[in-house]
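Residue-level listing of the chains:
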Amino acid sequence: MTGRMSEKVSIITGGASGIGRACCLRFAEEGAKIVVADINLERAEAVADEVASAGGEAIALNVDTSMPEEVAAMASSAVEAFGRIDACVAAAGISHAGYISRDADEQVSADRHDRNDMMLIDKSLSNWQRVLDVNLTGVMLTNQLVAQQMAKSEGGAIVNIASVAGKTALMGASDYCVSKAGVWMLTKCGAIELARHGIRVNAVGPGYIKTSMSGAATSNEAWVEGRIKETPLRRLGEPLDIANACLYLCSDEASFVTGEIIFPDGGLIADSRS
Ligand SMILES: NC(=O)c1ccc[n+]([C@@H]2O[C@H](COP(=O)([O-])OP(=O)(O)OC[C@H]3O[C@@H](n4cnc5c(N)ncnc54)[C@H](O)[C@@H]3O)[C@@H](O)[C@H]2O)c1
């Protein structure tokens, strides 16, 4: 297929849902060959089927991105299937230790706000570590093992999904905020270290986006109204808003852009960006 990502082999972690799924579909529309990598294989296969029904090419892989050997297997399976890796979006993530991504029709209401270990003073070490393992170490492992494959061919482009929460503190989410601030710094370190291998590394920091992750909250009208009021563009983001930013950063249009972060957040943190 022709397009802005024509023939580019693209791994999307967290590709089974939300932002990752939107990246799979949008990149495929622009001609990419897609590896849908996710801890939930059944949902990943459904996204690979969606790509195929739209005329694209995709495989689904099962991976827990916090496990080094599984991430290594993901990267080598992608190369086995398609010959190389050109692009990667590291979107796999959790909002808190017990988070399970779900389809809209199986949404469980408001578990996030019912948890009693949200505040730093009560946070259990195991919950803190799980968030850091998936959201930060998982992104580091994805960058490392994908970069090792990219370095063997013509380089490539990596985009890490951070968050506005990596820039501004959210009450009751210290583990999440710290993990996302870490992803931003990892992105800058990766950019300067991997440039010599022809690999660009950038980040995207979404504002409030309509996905499973915000789902518990978005079923709460008062919460949604509050977030819309806070957002200068007066709406929540769609997964496609984020996929389009990732697409730009992975495409050749961004060939001189590395170590950068883009905040598609409707202006939410415009006054505190620098
Ligand atoms: N939705 C928002 O408002 C928002 C805002 C800022 C940042 N983000 C970030 O965007 C990314 C995508 O989240 P989303 O909103 O699309 O949520 P989502 O729940 O729809 O998607 C997350 C995906 O990651 C997968 N996943 C979770 N843990 C994994 C693991 N260990 N290994 C592999 N896959 C795993 C899930 O199965 C799911 O498919 C996350 O990193 C999240 O922190 C989301």
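Quantities reported herein were computed from a predicted structural model and do not represent experimental measurements. Along each chain, the written sequence defines residue order, and numbers are assigned to residues from 1. Reporting in this predicted model follows two pLDDT cut-offs: at least 70 for local features of residues, and 80 or more for side-chain atom pairs to be given and counted; totals over whole chains, interfaces and linings ignore these cut-offs and use all residues. For side-chain calculations, the full set of non-hydrogen atoms in the structure is used, while hydrogens and water are omitted.

**Student:** Any details on the overall build of the chain? Residues and values, ideally.
**Tutor:** Each helix and strand in the chain was counted, giving 9 helices and 7 strands. When we talk radius of gyration, it's over C-alpha atoms, and the globule rule is simply 2.2 Å times the number of residues to the 0.38. Taken over the C-alpha trace, the chain has a radius of gyration of 17 Å; the compact-globule value for 274 residues is 19 Å, and the two agree within 12%. The principal-axis extent of the C-alpha atoms belonging to the chain is close to 45 × 40 × 35 Å. Type-normalised accessible area, obtained with a 1.4 Å probe on protein chains alone, sets the label of each residue: buried when under 20%, exposed when over 50%, and partly exposed for intermediate values. The proportion of buried residues among the 274 residues of the chain is 51%. The long-range fraction of contacts in the chain, counting pairs at least 24 apart against all pairs at least 6 apart in sequence, stands at 73%. Accessible areas in this description were obtained via Shrake-Rupley with a 1.4 Å probe; residue shielding takes into account the shown protein chains only. Carbon and sulfur atoms make up 53% of the accessible area of the chain, which amounts to about 12400 Å² in all. A distance of 6 Å separates the average location of the 24 positive side-chain charges in the chain from that of its 35 negative side-chain charges. Helix and strand definitions here come from DSSP, where helices need a minimum of 4 consecutive H or I residues and strands a minimum of 2 consecutive E residues; each element is numbered from the N-terminal end. Contacts were defined at the residue level, with two residues in contact if any of their heavy atoms lie within 4.5 Å. Positive charges are assigned to Lys and Arg, negative charges to Asp and Glu, while His and the chain termini are left out of the count. By convention, the charge on Lys lies at NZ, on Arg at CZ, on Asp at CG and on Glu at CD.

**Student:** Can you tell me about the pairing of strand β5 (residues 156–161), naming the residues and giving the values?
**Tutor:** Here β5 lies mainly inside the structure; 6 of its 6 residues are buried. Of the two faces of β5, the one holding Gly-156, Ile-158 and Asn-160 and the one holding Ala-157, Val-159 and Ile-161 are both buried throughout. Whether two strands pair comes down to DSSP finding at least two bridges between them. In terms of strand pairing, strand β4 (residues 87–90) meets β5 through 4 bridges, oriented parallel. Of the residues in β5, the one forming a bridge with Cys-88 is Ile-158. The sheet contact formed by β5 and strand β6 (residues 199–204) spans 6 bridges and is parallel. Bridge pairing in β6 places Val-159 opposite Asn-202.

**Student:** Summarise the site of the ligand; cite the residues concerned and give the values.
**Tutor:** Throughout, the term near means that a residue has one or more heavy atoms lying within 4 Å of the molecule or strand in question. For the ligand, the set of nearby residues contains 30 residues, the closest of which are Ser-17, Asp-38, Tyr-99, Tyr-176 and Thr-211. As used in this structure description, the phrase polar contact means that two N or O atoms lie within 3.5 Å; if the pair is within protein, one of them must be able to donate a hydrogen and the other to accept it, and residues adjacent in sequence are counted only when both atoms belong to side chains. Between the ligand and Ile-19 there is a distance of 2.8 Å, counted from an oxygen atom to a backbone nitrogen or oxygen. Alone, the ligand offers 820 Å² of accessible surface; in the complex the protein occludes 96% of this. Method remark: on a 1 Å grid restricted to protein atoms, a set of points is classed as a cavity if a 1.4 Å probe fits but cannot get out and as a pocket if it is open with protein on both sides within 12 Å along at least five of seven lines; lining residues have an atom within 4 Å of a point. Whether a molecule sits in a cavity or pocket is decided by its atoms, more than half of which must lie within 2 Å of the grid points. The pocket occupied by the ligand, as judged from atoms lying within 2 Å of grid points, is the largest pocket. Only α1 (18–29), α5 (125–152), α6 (174–194) and α7 (212–218) provide two or more residues apiece to the shell around the ligand.

**Student:** An account of the environment of Arg-21 is requested, with residue identities and associated values reported.
**Tutor:** Mapped onto the fold, Arg-21 is located in helix α1. Since its relative accessible area comes to 31%, Arg-21 is described here as partly exposed. If we ignore the near neighbours within four places in the chain, the residues touching Arg-21 are Gly-14, Gly-15, Ala-16, Val-47 and Glu-50.

**Student:** Can you explain the pattern of salt bridges? Please cite residues and give values.
**Tutor:** By convention in these notes, a salt bridge is any Lys or Arg side-chain nitrogen within 4 Å of a carboxyl oxygen on Asp or Glu. As enumerated under the stated definition, the model contains 13 salt bridges in all. For the salt bridge of Asp-175 with Lys-123, the shortest nitrogen-to-oxygen distance reads 3.3 Å. Within this pair, whereas Asp-175 is found in helix α6, its partner Lys-123 is found in the loop between α4 (111–114) and α5, the two being separated by 52 residues in sequence. On the basis of relative accessibility, which here comes to 3%, the residue Asp-175 falls in the buried class. The buried category is assigned to Lys-123, whose relative accessible area is 14%. Connected through salt bridges with shared partners, the residues Arg-26, Glu-29 and Glu-30 form a single ionic network.

**Student:** So what's going on with the layout of surface pockets? Which residues, and what values?
**Tutor:** Approximately 1100 Å³ is the volume attributed to the largest pocket. If you trace the largest pocket, you find 47 residues lining it, with Gly-93, Ile-94, Ser-95, Tyr-99 and Met-213 closest to the centre. The set of elements that each furnish at least two residues to the lining of the largest pocket consists of α1, β2 (33–38), α4, α5, α6, α7 and α8 (221–230). Here the element with the most residues in the lining of the largest pocket is α7; it accounts for 4 residues. Grid points are joined across faces, edges and corners, and a volume is the space filled by probe spheres set on the points.

**Student:** Describe the sheet that holds β2, with residues and values.
**Tutor:** Across a sheet, strands are paired by hydrogen bonds formed along the backbone, either parallel or antiparallel in direction. Strands sit in the order β3-β2-β1-β4-β5-β6-β7 across an open sheet of 7 strands; the sheet is parallel. Strands with a single pairing partner mark the edges of an open sheet, and in this sheet they are β3 (57–62) and β7 (261–262). Angles here are taken between N-to-C directions and fall from 0 to 180 degrees, while the axes themselves are lines fitted to C-alpha atoms, restricted in helices to the stretch in contact. Along the sheet face, α1 touches β1 (9–13), β2, β4 and β5 and points at about 165° away from the line of β1. Running at roughly 160° to β6, helix α9 (residues 239–250) makes contact with β4, β5, β6 and β7 of the sheet.

**Student:** An account of helix α2 (residues 41–53) is needed here, citing residue identities and associated values.
**Tutor:** For α2, which comprises 13 residues, the first-to-last C-alpha distance of 18 Å matches the rise-based estimate of 18 Å (1.5 Å per residue) to within 8%. Along α2, the residues classified as buried are Arg-43, Ala-44, Val-47, Ala-48 and Val-51. Burial along α2 is one-sided: seen end-on, the buried residues are contained in an arc of 145°. Turned more than 90 degrees from where α2 packs its buried face, Glu-42 and Ser-53 sit exposed. Packing partners of the buried residues in α2 comprise α1, β2 and β3. One side-chain oxygen at the N-terminal end of α2 lies 3.3 Å from the backbone nitrogen of Glu-42; it belongs to Asn-40. Of the residues one or two after α2, Gly-55 is the one with positive phi, at around 95°. To estimate how far a helix should reach, multiply one less than its number of residues by 1.5 Å. This arc corresponds to the set of directions leading from the helix axis out to the C-beta atoms.

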